[in-house]
Amino acid sequence: MKTWLLALQQQLSRQIREKKLPHALLISGVDGAGQQDIAQWLIKVLLCDSVKQDLNDNISQLSKNESSEAPLILQPCGFCKTCKLYAKDSYPDHLTVVSDKKTIGVELIRSLSHFFEKTAHIGLVKTALVNHADTMTISAANALLKTLEEPTSDSFIILTTHSSDLLLPTIISRCHEFEIRPPVGKALLAEYGQQGDDAFVNLSHLNELSDDSTAIAFVTFRDKVKDYLFAHQHRADILAILVEHHDGFRWLEKILVNLMRQQWGWPTAESTDEQVNVINKQQLWRVYNLVQVANGQLKTLVQINRQFLSEKLLADISVVLQSNAQTVEG
Ligand SMILES: [Zn+2]
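Residues numbered from 1 in each chain as written. Predicted model: local features only at pLDDT ≥ 70, side-chain atom pairs only at ≥ 80, totals over all residues. Heavy atoms only, no water.

### Remarks on the coordination of the zinc ion
Turning to step 1, where the next piece is worked out: Listed as protein donors to the zinc ion are Cys48 (SG), Cys77 (SG), Cys80 (SG) and Cys83 (SG); their distances from the metal cover 2.2 to 2.4 Å.
Turning to step 2, where the next piece is worked out: Around the zinc ion, the four donor atoms sit at angles spanning 104 to 118°, and that spread fits a shape best called tetrahedral.
Turning to step 3, where the next piece is worked out: Each donor residue of the zinc ion lies on the same chain, and together they follow the pattern C-x28-C-x2-C-x2-C. Of the two residues, Cys48 is situated in the loop between helix 2 (35-47) and helix 3 (49-65) and Cys83 in helix 4 (residues 81-87); the sequence distance between them amounts to 35 residues. You'll find Cys48 and Cys83 in the same group, each marked buried. (Donors = N, O, S within 2.8 Å, 3.2 Å for Na, K, Ca; no water. Tetrahedral: all angles 85-135°; square planar, octahedral: opposite > 155°, others 65-115°. Helix = DSSP H or I, 4+ residues; strand = E, 2+ residues; numbered from the N terminus. Buried < 20%, exposed > 50% of the residue type's maximum accessible area, 1.4 Å probe, protein only.)

This is the structure we're talking about:
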């Protein structure tokens, strides 16, 4: 399990023990944040016979000791009847909505509603999972609203998405949203063993994610920056973007954050470059710091020569990259 999911597992475990788990859960976050990991873990815990048994046996005891103990993460046993059936994909009181199209249509959601209307076959608990809930058609979403409005006591609907802003607000308002946030800012710095202020840029809702021509410009720039860092190419092109493009410095910072994430094996929207390890972690960290300082100067100094700042930045980065080469050779 990804380390940043543990807190959410603790929170959900506590809610299950206290019988306060919401009946409709929306698990959101950036693509790859771990929505599936949480959803699968949660379903297994909700269905597992042993977990249910333990909770029934210990419910009074647990509630007494709860405050003094570290939050416990519930785990499915893996051996009981329901665990085995679920692992074989043949547990009758769970439904995963699977669409063979790009959208989830109303028929699929109707079958989900019927599923909840029927009595549970084996256990008392029924669960359903709708992945990529943002791809529901309008009529599918409207059909789901009815089911969300009339929860039966032991049924749980789990929706996952990496684009919760595409979901109907009425859906979101009927779900309890759990947003997964992989480390950025101080948490990311902590992983680097460094101290510092939370200076990472907010990576969502930026121009390059929504506007096609800006997106292309960003990707072109990103590829050149990688060539520059890994193979000392395209210096003039990068300089031109930094000097002329409004977002050039911010883009450079974002590209470096993503490269650092890749080096540490964290999910990013991009596939991992094998080349990223040409630069060592300390070197990349130093380059990032140079960019951050330059970015800060650009924002705070009123009269700044952008040409000079860009040239100086590339010269400083070049020094770091050369010291890297020497380290590797030596
Ligand atoms: Zn079990």
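### Regarding the sheet that holds strand 3 (residues 126-130)
Turning to step 1, where the next piece is worked out: A sheet is described by the order of its strands in space; here five strands give the open sequence 2-3-4-1-5, paired in parallel fashion. Every other strand in the sheet has two partners, leaving strand 2 (94-97) and strand 5 (176-180) as the edge strands with one partner each. Ignoring which end each strand starts from, the neighbouring axes of this sheet average 15° apart.
Turning to step 2, where the next piece is worked out: As paired elements, strand 1 (residues 24-29) and strand 5 share five bridges and run parallel to each other. Across the sheet, Ile27 pairs through a bridge with Phe178, a residue of strand 5. (Pairing = 2+ DSSP bridges. Axes fitted to C-alpha atoms, helices over the stretch in contact; angles between N-to-C directions.)

### Let's talk about the confidence of the model for the protein chain
Turning to step 1, where the next piece is worked out: Averaged over every residue, the pLDDT of the protein chain is 82; residues scoring 70 or more account for 81%.
Turning to step 2, where the next piece is worked out: Low confidence marks residues 193-205, where pLDDT is under 50. Its contacts with residues over four positions away, or in another chain, come to 26 contacts. (pLDDT = per-residue confidence, 0-100. Contact = heavy atoms within 4.5 Å.)

### So, the packing of aromatic side chains
What describes a pair of aromatic rings is the distance from one ring centre to the other and the angle between the planes of the rings.
Turning to step 1, where the next piece is worked out: Following the criterion strictly, the structure yields four aromatic pairs and no others.
Turning to step 2, where the next piece is worked out: Between Phe218 and Trp251, the aromatic rings sit 5.4 Å apart at their centres with planes inclined by 75°, giving edge-to-face as the arrangement. Taken together, the positions of Phe218 in helix 10 (residues 212-231) and Trp251 in helix 12 (residues 248-263) put the pair 33 residues apart, joining distant regions of the chain.
Turning to step 3, where the next piece is worked out: In this structure Trp251 comes out as buried when scored by relative accessible area, which is 0%.
Turning to step 4, where the next piece is worked out: Between Trp285 and Tyr288, the aromatic rings sit 5.9 Å apart at their centres with planes inclined by 35°, giving tilted as the arrangement. On the criterion of helical spacing, the pair formed by Trp285 and Tyr288 is a turn pair, its members being three residues apart in helix 13 (residues 281-300).
Turning to step 5, where the next piece is worked out: By the ring-pair criterion, three or more aromatic residues cluster together here, those being Phe218, Phe221 and Trp251.
Turning to step 6, where the next piece is worked out: For Lys126, the ring lying beneath its charged end belongs to Phe115, and the centroid distance is 4.7 Å. (Phe/Tyr/Trp six-rings, centres within 6.5 Å; stacked < 30°, edge-to-face > 60°. Lys NZ or Arg CZ within 6 Å of the ring centre and 35° of its normal.)

### A short note on the pattern of salt bridges
Turning to step 1, where the next piece is worked out: What the rule picks out here adds up to eight salt bridges.
Turning to step 2, where the next piece is worked out: Note that Asp247 is salt-bridged to Arg250, the shortest N-O span being 3.3 Å. The two residues Asp247 and Arg250 agree in class, both being buried. (Salt bridge = Lys/Arg side-chain N within 4 Å of Asp/Glu carboxyl O.)

### Overview of the pairing of strand 1
Where a strand is regular, its side chains alternate between the two sheet faces.
Turning to step 1, where the next piece is worked out: In terms of burial, strand 1 is largely enclosed, as six of its six residues are buried.
Turning to step 2, where the next piece is worked out: Of the two faces of strand 1, the one lined by Ala24, Leu26 and Ser28 and the one lined by Leu25, Ile27 and Gly29 are each fully buried.
Turning to step 3, where the next piece is worked out: In the sheet, strand 1 pairs with strand 4 (residues 155-160) via four bridges, with the strands oriented parallel. Bridge pairing links Ile27 to Thr160 in strand 4.

### Here we look at empty space enclosed by the protein
Turning to step 1, where the next piece is worked out: Applying the stated rule across the entire model yields one cavity of 30 Å³ or more.
Turning to step 2, where the next piece is worked out: Computed from the structure, the largest cavity encloses a volume of approximately 50 Å³.
Turning to step 3, where the next piece is worked out: Taken together, Val225, Tyr228, Leu229, Ile238, Leu252, Leu256, Val287, Val291, Leu314 and Ile317 make up the lining of the largest cavity.
Turning to step 4, where the next piece is worked out: Listing elements by their share of the lining of the largest cavity, those giving two or more residues are helix 10, helix 12, helix 13 and helix 14 (306-329).
Turning to step 5, where the next piece is worked out: Partitioned by chemical class, the residues of the lining of the largest cavity number 10 nonpolar, no polar and no charged. (1 Å grid on protein atoms, 1.4 Å probe; cavity = no way out; pocket = protein on both sides within 12 Å on 5 of 7 lines; lining within 4 Å. Points joined across faces, edges and corners; volume = space filled by probe spheres on them. Nonpolar A, V, L, I, M, F, W, Y, C, P; charged D, E, K, R; others polar.)

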